[in-house]
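The residues making up each chain are set out below.
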Amino acid sequence: MNATHPAAVNGRTSTCQRAADLVIGALARAAPGRCIAAGNGSCTTASFAGIDLKDGHLWVYLETIGGGSGARVGKDGLDGVHVHMTNTSNLPVEALEAEYPLTVLRYELADGSGGAGRFRGGMGLRRVYRAEAECQLRLDGSRLLAPPWGLSGGQPGGCGHFRFGDDVEAFADGQGTLRTGQTVEIVTPGAGGYGPPGERDPAAVARDLTDGFIDPATALETYPQHST
């Protein structure tokens, strides 16, 4: 947090996110009833760049993707939002595809990414891109290994991940090439739940099932007291 030359540094966004989690986590030990569970703790970023073969100009598309917000004392967390120090727009898929040689094959909430609890953690997002022309891609993210923590008995949220389609060459240091027709799947972290899952309102469990946020097997395992 206070690097001096020649210490290695990187983009501030994920560092700031995790610093916010750290402060909230410390305060939660003293006042758990006044703090939220951990949010997605990341500013997941995808930066595409290439050359337009029609006129030779360089195009660049930078996207930051939201995730889950931590569950609160009396409410579920928010799904698919930016948290803490980020606040960026949600570019419509139609506008993206009209301007850049990219196709969004899927854009949805990531099933099961919200931590279980009396109140459920917010869910992360899944976006799957297909390159319609060769381009360079840089990916940045956090909470790919350490899940967002739950609070007061709530369970952790899901981690984020990057998955590549067939024949995509391995990326080095988060960057590489997508050739025409190749795909990348980006899933952002969810968020932690608040309170013991056994105390969740049966109506809320039923609503999660109806909305597809959890599947029957997960409901039976996590909320057995509400399963029939």
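Just so we're clear, the structure is a prediction, and the values are computed from it rather than from any experiment.

### Details of the overall build of the protein chain
- Each helix and strand counted, the protein chain has 4 helices and 8 strands in total.
- Secondary structure elements of the protein chain occur, N-terminal to C-terminal, as α-β-β-α-β-β-β-β-β-β-α-α.
- Relative to the globule expectation of 17 Å for 228 residues, the C-alpha radius of gyration of the protein chain, 19 Å, shows essentially globular dimensions.
- When burial is assessed residue by residue, the protein chain has 41% of its 228 residues classed as buried.
- Counting contacts in the protein chain only where the partners sit at least 6 residues apart, residues at least 24 apart contribute 71% of the total.
- The centroid of the 19 positive side-chain charges in the protein chain is displaced by 9 Å from the centroid of its 25 negative side-chain charges.

### Thoughts on a nonpolar patch on the surface
- Residues Ile51, Leu58 and Val60 make up a contiguous nonpolar surface patch of roughly 290 Å² in combined accessible area.
- Turning to its location among the elements, Val60 is positioned in strand β2 (residues 58-65).
- Since its relative accessible area comes to 47%, Val60 is described here as partly exposed.

### Regarding the packing of aromatic side chains
- Taken as a whole and judged by the stated rule, the model has 5 aromatic pairs.
- On the basis of an interplanar angle of 40 degrees and a centroid distance of 4.9 Å, the ring pair of Tyr61 and Tyr100 is categorised as tilted. Of this pair, Tyr61 sits in strand β2 while Tyr100 sits in the loop between α2 (93-99) and β3 (102-109); the two residues are 39 residues apart in sequence, bridging distant segments of the chain.
- Each residue in the set Phe48, Trp59, Tyr61, Tyr100 and Tyr129 is aromatic and connected to the rest through ring pairs, giving one cluster.
- When the ring centre of Tyr107 is taken as origin, the NZ or CZ atom of Arg127, which lies over that ring, is 4.2 Å away.

### Looking at the pairing of strand β5 (residues 135-140)
- The alternating pattern of β5 places Cys135, Leu137 and Leu139 on a buried face and Gln136, Arg138 and Asp140 on a face that is not buried.
- Here 5 bridges tie strand β1 (residues 44-51) to β5, and the two strands are oriented antiparallel to one another. From the neighbouring strand, Thr45 faces β5, where its bridge partner is Asp140.

### Notes on the nonpolar core
- In this structure, Phe48, Tyr129, Leu137 and Leu178 are the most contacted members of the largest nonpolar core, which totals 20 residues.
- For this core, the secondary-structure elements that each account for two or more residues are β1, β2, α2, β3, β4 (125-131), β5 and β8 (183-187).
- Leu178 has contacts with Phe48, Ala131, Ala133, Glu134, Cys135, Leu137, Val168, Thr183 and Val184, leaving out every residue within four places of it along the chain.
- One finds Ala28, Cys35, Ala37 and Tyr194 within the second-largest nonpolar core, a separate group that totals 6 residues.

### Brief notes about the pattern of salt bridges
- Here the structure, examined in full by the defined rule, presents 15 salt bridges.
- Glu63 is paired through a salt bridge with Arg127; the nearest N and O atoms lie 3.1 Å apart. Taken together, the positions of Glu63 in strand β2 and Arg127 in strand β4 put the pair 64 residues apart, joining distant regions of the chain. Each member of the pair, Glu63 together with Arg127, is buried.
- As a salt-bridge pair, Arg120 and Asp208 come within 3.6 Å of each other at their nearest N and O atoms. With Arg120 in the loop between β3 and β4 and Asp208 in helix α3 (residues 202-211), this pair connects stretches of sequence that are 88 residues apart. An identical accessibility class is assigned to Arg120 and Asp208; each is buried.
- Each of the salt bridges in this network shares a partner with another, and the network as a whole consists of Asp76, Asp79, Arg120, Arg200 and Asp208.

Here is what the cut-offs are and how they apply
- Note on numbering: residues in each chain are counted from 1, in written sequence order.
- Note on the predicted model: pLDDT of at least 70 is required for a residue's local features to be given, and 80 or more for side-chain atom pairs to be given and counted; whole-chain, interface and lining totals, by contrast, use all residues.
- Side-chain measures were taken over the full set of non-hydrogen atoms in the model, leaving aside hydrogen atoms and water.
- Where helices and strands are cited, they refer to DSSP runs of H or I of at least four residues and of E of at least two residues respectively, numbered from the N terminus.
- Radius of gyration here uses only the C-alpha atoms, and the compact-globule reference equals 2.2 Å multiplied by the residue count raised to the power 0.38.
- To sort residues, take the accessible area from a 1.4 Å probe on protein chains only and compare it with the maximum for the residue type: under 20% means buried, over 50% means exposed, and anything in between is partly exposed.
- Only heavy atoms enter the contact rule, under which two residues are in contact if any of them lie within 4.5 Å.
- Charge counting treats Lys and Arg as positive and Asp and Glu as negative, with His and both chain ends excluded.
- We put the charge of a Lys on NZ, of an Arg on CZ, of an Asp on CG and of a Glu on CD.
- Patch rule: a residue counts if its relative accessible area is over 30% and it has no salt bridge; like charges are joined within 9 Å, and nonpolar side chains (Val, Leu, Ile, Met, Phe, Trp, Tyr) within 5 Å.
- The Shrake-Rupley method, run with a 1.4 Å probe, gives the accessible areas here. Residue values count only the displayed protein chains as cover.
- Basic side-chain nitrogens of Lys or Arg form a salt bridge, by our definition, when they fall within 4 Å of a carboxyl oxygen of Asp or Glu.
- Under the pairing criterion, centres of Phe, Tyr and Trp rings, with the six-membered ring standing for Trp, must be within 6.5 Å; the plane angle then separates stacked pairs below 30 degrees from edge-to-face pairs above 60, leaving the rest tilted.
- Two thresholds decide whether a charge sits over a ring: the Lys NZ or Arg CZ must be within 6 Å of the ring centre and within 35 degrees of the ring normal.
- Here a strand pair is declared whenever DSSP counts at least two bridges between the two strands.
- For the purposes of this section, nonpolar cores are sets of buried Ala, Val, Leu, Ile, Met, Phe, Trp, Tyr and Cys residues that join through side-chain atoms within 4.5 Å.

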